[in-house]
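# Observations on the model geometry
Here is how the chains run, residue by residue.
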Amino acid sequence: MNRDILSMTFDELSAEFVNLGYPKFRAKQVYEWLHKHLAGEYDEMSNLPKNLREELKVRFPIYNCTVEKKQVSKIDHTVKYLFKLHDGDYVESVVMKYKYGYTICVSSQVGCKMGCAFCASTIGGFKRSLNPGEILSQLYTAQKDIGERISHIVLMGMGEPLDNFDNVMRFLDLVTNELGVNISMRNISLSTCGVVPKIEELIDKKLQLTLSVSLHAPNDEIRNTIMPINKKYPVDQLINICKTYTNKTSRRISFEYSMLSGFNDTDECAKLLGSKLKGMLCHVNLIPVNEVDESPYKPSTPERIERFIQILSGYGINSTVRRKLGSDIDASCGQLRQKKNKKQKEDTL
Ligand code: SAH
């Protein structure tokens, strides 16, 4: 049976190699080639005997993604990739440069089933979840392409990471392994639309990552109309589990709040949000909604956002406006898609 080697942990790889009668040190060599030196092919693994390379090619194919299309923002040099997966599906990833280094926003699924009304990722529907190697491969391929170390990861691309829990946990394990790219768990953020039982499971893992929660509304009335997940796990239940999360992990939660003009940006919304989050170890990240062709929402005005920030600060809550990057290449939050859309197709011609 062929095994997807990029998704295997070092322990699994070692066990397989021992089973096959290979010397144990070969597993470490191969693991490091794949995850530290980012070799895309066995023929790059120069310290392996040729016959072993040939065997490995058959037993353990390397399912890397390839760059189908790359767009670079003229405004801030943000790079958006359309990656082709080995079965022909597509996902997008974005690399952003900050003062502290490069960050990649990776996708965890092809499409999304969550159906948030303002988000492009959900428009083409849900196709499938990515396996751990496919999430890693976005990072590896992008890092090789830009030729710089990527030190931070946000699981904020296409898909709902907690709807692909086991694969995402294994991805985290692989990406933080010191034999590989060795990214610190503290440099990783995971964003969820609020799958409450999975947040509960995450609490038990006691990871040092940053949890971001897409709140976008302070009550069920508004949240139900833009986020179907809210019908299953209502706002107060979500905020409660977030409180448990911060109490048990002592990690600050980041709430994402897309500002939709005239819809969730009123003084009443800010007050209700403030009263619900008061006293909590949290930060609110306001995101003027990025326009998506198929959705009617417009971003709030800077004055409205400023007023929202002031009201929240009256409740002792710190909030900031998320910097918008890659706006000329549709690389901002909620603009990632699974297909080469019409415009992109035209661009490539
Ligand atoms: N499924 C995860 C991660 C993906 S999206 C989640 O829901 O959190 C990352 C963030 O961008 C989420 O907070 C999401 O709600 C937000 N977002 C989606 N569409 C947006 C848009 N058009 N404008 C601004 N933010 C958007």
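Note that this is a predicted model, so its numbers are computed, not measured. (Residues numbered from 1 in each chain as written. Predicted model: local features only at pLDDT ≥ 70, side-chain atom pairs only at ≥ 80, totals over all residues. Heavy atoms only, no water.)

The interhelical angle for the contact between helix α10 (residues 267-277) and helix α11 (residues 302-314), taken along N-to-C directions, is 30°, at an axis separation of 9 Å. In terms of orientation, α10 and α11 fall into the roughly parallel class. Viewed along their axes, α10 and α11 form a crossing whose handedness is right-handed. Of the residues in α11, those in contact with D267, C269, A270, K271, L273 and G274 of α10 are R304, R307, F308, I311 and L312. (Axes fitted to C-alpha atoms, helices over the stretch in contact; angles between N-to-C directions. Helix = DSSP H or I, 4+ residues; strand = E, 2+ residues; numbered from the N terminus. Parallel < 35°, antiparallel > 145°, perpendicular 65-115°, else oblique. Left-handed = near helix turned anticlockwise from the far one by under 90°. Contact = heavy atoms within 4.5 Å.)

For α11, which comprises 13 residues, the first-to-last C-alpha distance of 19 Å matches the rise-based estimate of 18 Å (1.5 Å per residue) to within 8%. The set of residues buried in α11 consists of I305, F308, I309, I311 and L312. Projection of α11 onto a plane perpendicular to its axis shows the buried side chains occupying an angular sector of 165°, all on one side. Residues of α11 that are exposed and point over 90 degrees away from its buried face: E303 and G314. Packing partners of the buried residues in α11 comprise β10 (253-259), α10, β11 (282-288) and β12 (319-321). Looking one or two residues past α11, G316 carries a phi angle of roughly 80°, positive in sign. (Expected span 1.5 Å × (residues − 1). Buried < 20%, exposed > 50% of the residue type's maximum accessible area, 1.4 Å probe, protein only. Arc of directions from axis to C-beta.)

Moving on, we come to the confidence of the model for the protein chain. Looking at the protein chain as a whole, its pLDDT mean stands at 94, while 96% of the residues score no less than 70. Throughout residues 341-349 the model reports pLDDT below 50, and contacts reaching past four residues in sequence, or to other chains, amount to ten contacts. (pLDDT = per-residue confidence, 0-100.)

As enumerated under the stated definition, the model contains 22 salt bridges in all. Salt-bridge contacts for E92 lead to K80; the nearest nitrogen and oxygen are separated by 3.5 Å. Residue E92 is found in strand β3 (residues 90-98), and its partner K80 is found in strand β2 (residues 79-84); the two are separated by twelve residues along the sequence. We note that E92, like K80, is buried. Across the pair K298 and E291 runs a salt bridge, and its minimum N-O distance is 3.2 Å. Taking relative accessible area as the criterion, E291 reaches 44% and is therefore assigned partly exposed. Linked by salt bridges that have partners in common, D43, K50, R53, E54 and K57 make up one network. (Salt bridge = Lys/Arg side-chain N within 4 Å of Asp/Glu carboxyl O.)

This brings us to the nonpolar core. If you look at the biggest cluster of nonpolar residues, it comprises 104 residues, and the most contacted ones within it are V30, L172 and F255. Residue contributions to this core peak at seven residues, all from helix α5 (residues 165-175). In this structure V30 touches I5, L13, F17, Y42, M45, L48 and L56, once residues within four positions along its chain are discounted. With eight residues, the next largest nonpolar core counts M96, C105, A331 and L336 among its residues. (Core = buried A, V, L, I, M, F, W, Y, C linked by side-chain atoms within 4.5 Å.)

With that out of the way, let us pick up the sheet that holds strand β9 (residues 210-214). Taken in spatial order, the ten strands make up an open sheet running β1-β2-β3-β4-β7-β8-β9-β10-β11-β12, and their pairing is mixed. This sheet does not close on itself; its edge strands, each paired only once, are β1 (66-72) and β12. In this sheet, adjacent strand axes meet at a mean angle of 25° when their direction is disregarded. As defined by bridge partners, strand β8 (residues 188-192) adjoins β9 across four bridges and the pair is classed as parallel. Paired with L190 across the two strands is L211, which belongs to β9. Contacts from helix α9 (residues 235-249) reach β9 and β10 within the one sheet, and its direction differs from that of β10 by about 150°. (Pairing = 2+ DSSP bridges.)

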